Amino acid sequence: MQTLKHYLAILLMIMLVSCNVSPKPIDYGNDGCHFCKMTIVDKLHAAEIVTTKGKVYKFDATECMINFMDEFDTSEIELYLSNNYTEPGELIDATKATFLISKNVPSPMGAFLSAFKEEADAKYVLSEKDGTLYTWQELLMHFND
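Keep in mind the model is a prediction, meaning the values are calculated, not measured.

This paragraph deals with the pattern of salt bridges. Pairs may arise between side chains of opposite charge once their charged atoms sit close together. Enumeration according to the criterion identifies three salt bridges in this entry. Put simply, Asp 31 and Lys 58 hold a salt bridge, and the shortest N to O gap is 2.8 Å. Of this pair, Asp 31 sits in the loop between helix H1 (2–18) and strand E1 (47–51) while Lys 58 sits in strand E2 (residues 56–59); the two residues are 27 residues apart in sequence, bridging distant segments of the chain. Here Asp 31 and Lys 58 have matching classes, each one buried. The shortest N-O distance in the salt bridge between Glu 90 and Lys 117 comes to 3.8 Å.

This is the structure in structure tokens:
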């Protein structure tokens, strides 16, 4: 009986560790975009999805992440992450970010889309570069049009 409890405890620990739902660092210059297959090199525009089971999908741009959602069961997605334009390489919660589409700020796939953790930063770049600001929901509607 003691041995059975020991094995069950080990099995439970393995299950808890194997379902870690958290972002994974992007290996710039080596990781490939799950959607377009390009190598991820741009630390300003990369993105990532983490599923409820902890599987991570990496993208070279937020627009690739959004396009990937068309072919994926979004009920399985736990985290939507985009790089913060003002802190290259830092992944932020895309659902809480402010997005800027500006023809004066190129992105890897040509959507001119950048994410900002702070709305004030997005407004500042908007004042310098022109464009349009979006919330996550507004952005999704924009891409579905």
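Moving on to the sheet that holds strand E7 (residues 132–134). Overall, antiparallel pairing links the three strands, which are arranged E6-E5-E7 in an open sheet. The open sheet terminates on both sides in strands that have one partner only, identified here as strand E6 (113–116) and E7. Averaged over all pairs of adjacent strands, the angle between their axes in this sheet comes to 25 degrees, without regard to strand direction. Strands in contact with helix H4 (residues 136–144) are strand E5 (98–101), E6 and E7; relative to E7, the strand with the most contacts, it is inclined by about 115 degrees.

Cut-offs used in this document
- Residues numbered from 1 in each chain as written.
- Predicted model: local features only at pLDDT ≥ 70, side-chain atom pairs only at ≥ 80, totals over all residues.
- Heavy atoms only, no water.
- Salt bridge = Lys/Arg side-chain N within 4 Å of Asp/Glu carboxyl O.
- Helix = DSSP H or I, 4+ residues; strand = E, 2+ residues; numbered from the N terminus.
- Buried < 20%, exposed > 50% of the residue type's maximum accessible area, 1.4 Å probe, protein only.
- Pairing = 2+ DSSP bridges.
- Axes fitted to C-alpha atoms, helices over the stretch in contact; angles between N-to-C directions.
- Contact = heavy atoms within 4.5 Å.

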